[in-house]
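So you can see what is in the structure, the chains are spelled out below.
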Amino acid sequence: MRTEEYRMVDLFAGCGGLSLGLEQAGFTPWFVNEIVPQFAETYKYNHQLSDEHYFIGDISDLNKTINNFQDLLTDITLVCGGPPCQGFSMANRQRILDDPRNGLYKQFLIFLGHIKPKFFIMENVKGMMNKVDEIIHDFSVFLGEEYEYDFAVLKAQDFGVPQNRERFILIGNRIGIDPHAIFNKIMEHRRSPFLLCNALEGLPHLGAKTVKGQANIENEVSGFTVRDFDYVHNEFYRFINGDRNITKLYNHKNRYNNERDIEIYRRLPQGANSLHESIADIMPYKRRNGIFKDKYFKLMENQICKTITSHMKFDCNMYIHPWEARGLSPREAARIQTFPDDYVLMGAQNAWYAQVGNAVPVKLAQAIGEGIMYFLRQ
């Protein structure tokens with residue numbers, strides 16, 4: 001069993017974006033909870049952890065059996081996670097904790113109360129800032145008065161990520177570190193963002209996949225799950241991969257599109273949406289244009305990308321490649337989320353999109369981790 005100093009627990013871990021960034025900052029992934037087996041499969045493939053370090057299932061079941069993990073869950077430096085809060089709304093006057101749809105948020109608090117790590121990170125939608133006093137009260141109820149807290153809405157693009165993505169970050173600690181100083185240290189890692197064209201540069205051309213219902217098709221036109229590849233070692237490559245020489249290209253594969261969508265992709269200029277005159281004669285939602293104006297959107301190469309979301313598992317109509325008549329591939333979406341090029345996505349192709357869309361951008365997570373790690377190493 002590994003005994004590194006800064007052990008980390010990742011709850012609601014998904015495919016591991018938050019974990020990976022924190023690992024790059026010096027933390028050791030130690031215990032992982034994820035309810036979706038396919039997502040956990042990706043985490044397992046990319047980390048060298050034995051099965052006893054995973055709980056694949058509902059966090060409420062983990063909390064009920066927490067005594068079974070006492071030996072593993074001692075001397076935990078950091079617990080991190082982004083509990084889904086389906087009942088959260090700025091217009092909802094009900095307390096977050098009282099809304100039954102926010103049961104996972106409550107279970108996150110219960111777990112922290114069991115483990116009492118030195119630090120914890122909770123990440124969530126930026127609107128949670130409007131409930132921050134209530135949230136800190138909830139943490140105090142479950143953890144006692146020994147923790148100090150600070151919070152901020154961090155923009156991923158401020159840390160080099162080529163994407164417009166904002167997340168609410170709450171950090172607590174019980175070892176006497178000024179929590180405001182942690183965020184000051186995090187902000188020292190700001191840099192100018194890369195642009196979408198930087199993330200896409202050098203990847204091979206993909207054409208449309210026109211055969212429906214055959215997910216296992218692999219060819220030069222629509223792409224491969226894995227292939228040999230010689231990357232362009234530009235600044236963005238070094239940003240996400242460091243000095244490593246990666247020789248495989250993973251998950252760069254196009255999905256099926258019908259002829260109408262391919263034609264829409266081809267006609268739209270960069271920055272245009274469903275209301276653009278170039279597709280007026282074939283736009284399928286004319287009567288509801290006001291609702292579906294962003295049903296189609298072609299990305300702009302010289303700007304940061306719009307927020308990558310798990311909706312990509314249904315279609316990529318809102319993420320049309322700026323140069324090609326297709327949506328972004330899962331690998332391209334992963335690059336925009338600053339995953340390294342050898343981080344392999346497991347499961348079905350639609351699950352690749354879901355995993356990437358749900359993840360915390362790796363380089364945002366690394367900046368947060370380095371802000372905390374600075375004080376741990378003093």
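Refer to the structure printed above.
For the structure given in this document, a descriptive report is provided here. (Residues numbered from 1 in each chain as written. Predicted model: local features only at pLDDT ≥ 70, side-chain atom pairs only at ≥ 80, totals over all residues. Heavy atoms only, no water.)

## A short note on the packing of helix H4 (residues 103-115) against helix H5 (residues 132-143)
One can describe the packing of H4 onto H5 by two numbers: an axis separation of 8 Å at closest approach and a directional angle of 40°. The orientation of H4 with respect to H5, classified from their angle, is oblique. Note on packing geometry: the crossing formed by H4 with H5 is right-handed. Residues Tyr105, Lys106, Phe108, Leu109, Ile110, Leu112 and Gly113 of H4 form the contact with H5, whose participating residues are Ile135, Asp138, Phe139, Phe142 and Leu143. (Axes fitted to C-alpha atoms, helices over the stretch in contact; angles between N-to-C directions. Helix = DSSP H or I, 4+ residues; strand = E, 2+ residues; numbered from the N terminus. Parallel < 35°, antiparallel > 145°, perpendicular 65-115°, else oblique. Left-handed = near helix turned anticlockwise from the far one by under 90°. Contact = heavy atoms within 4.5 Å.)

## Focus on the layout of surface pockets
A volume near 1000 Å³ is recorded for the largest pocket. Around the largest pocket sit 42 residues that line it, and Gly82, Pro84, Glu123, Arg167 and Asn358 are the ones nearest its centre. Where the lining of the largest pocket is concerned, the elements lending two or more residues are strand S1 (7-11), helix H1 (17-24), strand S2 (28-34), strand S5 (119-125), strand S7 (166-173) and helix H11 (349-358). Class assignment for the residues of the lining of the largest pocket results in 18 nonpolar, 16 polar and eight charged. Here the second largest pocket is characterised by a volume of approximately 430 Å³. Taken together, the elements giving at least two residues each to the lining of the second largest pocket come down to helix H9 (259-267) and H11. Partitioned by chemical class, the residues of the lining of the second largest pocket number eight nonpolar, seven polar and eight charged. (1 Å grid on protein atoms, 1.4 Å probe; cavity = no way out; pocket = protein on both sides within 12 Å on 5 of 7 lines; lining within 4 Å. Points joined across faces, edges and corners; volume = space filled by probe spheres on them. Nonpolar A, V, L, I, M, F, W, Y, C, P; charged D, E, K, R; others polar.)

## Things to note about the sheet that holds strand S6 (residues 148-155)
Taken together, the seven strands give an open sheet; going across it, the order is S3-S2-S1-S4-S5-S7-S6, and neighbouring strands pair in mixed fashion. Each end of this open sheet is capped by a strand with a single partner; those strands are strand S3 (54-56) and S6. In this sheet, neighbouring strand axes are inclined to one another by 15° on average, regardless of whether the strands run parallel or antiparallel. When S1 meets S2, the two strands line up parallel, connected through four bridges. By the bridge assignment for S2, Asp10 is matched with Val32. Sitting on the sheet, H5 touches S5, S6 and S7, and the angle it makes with S6 is about 140°. Set on the sheet, helix H6 (residues 179-187) makes contact with S5, S6 and S7; between it and S6 the angle comes to about 25°. (Pairing = 2+ DSSP bridges.)

## Some details on the pattern of salt bridges
Across all of its chains, the model carries 21 salt bridges by this definition. A salt bridge links Glu263 to Arg266, with the shortest nitrogen-to-oxygen separation between them at 2.4 Å. Within this pair, Glu263 and its partner Arg266 are both found in helix H9, separated by three residues, close to a single helical turn. (Salt bridge = Lys/Arg side-chain N within 4 Å of Asp/Glu carboxyl O.)

## Quick notes on unusual backbone geometry
Even without glycine at this site, Lys116 takes up a positive phi of about 50°. On the secondary structure map, Lys116 appears in the loop between H4 and S5. We classify Lys116 as partly exposed; its relative accessible area is 27%. With a phi angle near 60°, Asn251 is a residue other than glycine that sits in the positive phi range. Tracing the sequence through the fold places Asn251 in strand S9 (residues 248-253). (Buried < 20%, exposed > 50% of the residue type's maximum accessible area, 1.4 Å probe, protein only.)

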